[in-house]
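An overview of the molecular structure
Read off the chains here:
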Amino acid sequence: LHLLPGFADAVVTHRDVAASALVSGSADERVAAAALLGLLGDTVLTPLAEPLAEAATTTSAKVRDAASPLVARLGGAAAGPLRRLATGSEPERRGYALHLLAARPDQRAWAIHTASSDRAASVRALGARWEAAHTPEATAADSAPELPPLPPLPSWALAGADAERVAASVFKAVCRGVE
């Protein structure tokens, strides 16, 4: 789908549909939505910074793992939504948002300060751990929290004839939908 002419523009035009797919539905549906959006350019992702931040801080590990690399790609565009989640949501989600912010050098000090002054002990512990990792004895590699690895790509290996049949079927269905 991501190769269809105009698909990226359609996602931007109907970003409320893409946002809904990222934050509602089953975990597998949200992972699939994140995977599809990950194939699109960063100009498509930027208008979806808020729902991507929500997906990257959800309680579902599968969804977080799928959305976190997209949030990292957004760079500074994700800082605002992540900061809102880091200060205005439940403790678990605040911790995930602060973790993503602490991974960014330009947001690290804010994340440490915010975590250290949080009302939840679990979030305060994150700030203390990051501050300890930032001591002169700690190395630069130890001080930056690591993001989860990218999820493995699905196998698309098909026989040539099967691939042609599936592609033709999908193309016809998309054309019918457009009409």
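Only a predicted model underlies this, so the values are computations on that prediction, with no experimental measurement involved. (Residues numbered from 1 in each chain as written. Predicted model: local features only at pLDDT ≥ 70, side-chain atom pairs only at ≥ 80, totals over all residues. Heavy atoms only, no water.)

So, the overall build of the chain
Note the following rule: Secondary structure elements are defined from DSSP: runs of H or I of at least 4 residues count as helices, runs of E of at least 2 residues count as strands, and each element is numbered from the N terminus. Exposure categories follow from relative accessible area, calculated using a 1.4 Å probe and restricted to protein chains: below 20% of the type maximum is buried, above 50% is exposed, and the middle band is partly exposed. What makes two residues a contact is simply this: any of their non-hydrogen atoms within 4.5 Å. Where accessible areas are quoted, they stem from the Shrake-Rupley method and a 1.4 Å probe; at the residue level, only the protein chains shown are allowed to cover.
When its secondary structure is counted, the chain shows 12 helices and zero strands. Traced from its N-terminal end to its C-terminal end, the chain shows the element sequence α-α-α-α-α-α-α-α-α-α-α-α. The burial tally for the chain puts 35% of its 179 residues in the buried class. The long-range share in the chain, meaning contacts at least 24 apart out of those at least 6 apart in sequence, stands at 60%. Summed over its atoms, the accessible surface of the chain is roughly 10,300 Å², and 61% of this surface lies on carbon and sulfur atoms.

Notes on the packing of aromatic side chains
The following threshold applies: Here is the rule: rings of Phe, Tyr and Trp (six-membered ring for Trp) pair when centre to centre is within 6.5 Å. Planes less than 30 degrees apart are stacked, more than 60 are edge-to-face, and the remainder are tilted. Lysine and arginine charges are scored as sitting over a ring when NZ or CZ, respectively, is within 6 Å of the ring centre and within 35 degrees of the ring normal.
Across all of its chains, the model carries zero aromatic pairs by this definition. Positioned above the aromatic ring of Y96, the side-chain terminus of R64 is 3.9 Å from the ring centre.

Digging into the packing of helix α5 (residues 49-56) against helix α7 (residues 79-88)
Stated formally: Here an axis means a line fitted to C-alpha atoms, over the contact stretch when the element is a helix, while the angle between two N-to-C directions is reported on a 0 to 180 degree scale. Angles below 35 degrees are treated as roughly parallel, those above 145 as roughly antiparallel, those between 65 and 115 as roughly perpendicular, and all remaining angles as oblique. Two helices cross in a left-handed way if the nearer one is turned anticlockwise from the farther one by less than a right angle. They cross in a right-handed way if the turn is clockwise.
Their axes nearest at 8 Å, the elements α5 and α7 cross at an angle of 45°. One finds that α5 runs oblique with respect to α7. Considering the relative orientation of α5 and α7, their crossing is right-handed. Facing α5, whose interface residues are A49, E50, A53 and E54, α7 presents P81, L82, R84 and L85.

Focus: the pattern of salt bridges
We count it as follows: By salt bridge we mean one thing: a side-chain nitrogen of Lys or Arg within 4 Å of a carboxyl oxygen of Asp or Glu.
Enumeration according to the criterion identifies five salt bridges in this entry. Residues R94 and D118 are paired through a salt bridge, measuring 2.9 Å at the closest nitrogen-oxygen approach. Remark: D118 occurs in the loop between α9 (108-116) and α10 (121-133) and R94 occurs in helix α8 (residues 91-102); sequence separation between them is 24 residues. Accessibility expressed as a relative area gives 2% for R94, which makes it buried. With relative accessibility at 8%, the residue D118 sits in the buried group. Between R104 and D106 there is a salt bridge whose closest N-O contact spans 3.0 Å. With relative accessibility at 22%, the residue R104 sits in the partly exposed group.

As for the nonpolar core
For clarity, the threshold we go by: Throughout, nonpolar core names a set of buried Ala, Val, Leu, Ile, Met, Phe, Trp, Tyr and Cys residues whose side chains join them through atoms within 4.5 Å.
Ranked by internal contacts, the top residues of the largest apolar core, which has 40 residues, are V11, L37, L52, L82 and W130. Each residue touching L37, except ones within four places of it in the same chain, is listed here: V11, A18, L22, L45 and L48.

Overview of the environment of L70
Checked against the element boundaries, L70 lands in helix α6 (residues 61-74). With 17 residues separating them in the primary sequence, L70 and A53 have C-alpha atoms 8.9 Å apart.

Focus: the environment of P51
Looking at the secondary structure, you find P51 in helix α5. Expressed as a C-alpha distance, the spacing of P51 and A18, which sit 33 residues apart in the sequence, is 8.7 Å.

Description of α8
This is how it is decided: Every helix has an expected span of 1.5 Å times one less than the residues it contains.
With 12 residues, α8 should cover 16 Å at 1.5 Å per step; its first-to-last C-alpha distance of 16 Å lies within 8% of that length. Those residues of α8 that sit buried are R93, R94, G95, A97, L98, L100, L101 and A102. Buried-residue contacts for α8 involve α5, α6, α7, α9 and α10.

Details of the packing of α8 against α9
A packed helix pair is summarised by two numbers, namely the angle formed by the two axes and the spacing between the axes. Spelled out, the test is: Residues are grouped as follows: Ala, Val, Leu, Ile, Met, Phe, Trp, Tyr, Cys and Pro are nonpolar; Asp, Glu, Lys and Arg are charged; all remaining types, including Gly, are polar.
The geometry of α8 relative to α9 is characterised by a closest axis approach of 7 Å and an angle of 150° between their N-to-C directions. Viewed along their axes, α8 and α9 adopt a mutual orientation that is roughly antiparallel. For the crossing formed where α8 meets α9, the hand is left-handed. Along its contact with α8, which presents L98, L101 and A102, the element α9 presents R108, W110, A111, T114 and A115. The class makeup of the residues in the contact of α8 with α9 is six nonpolar, one polar and one charged.

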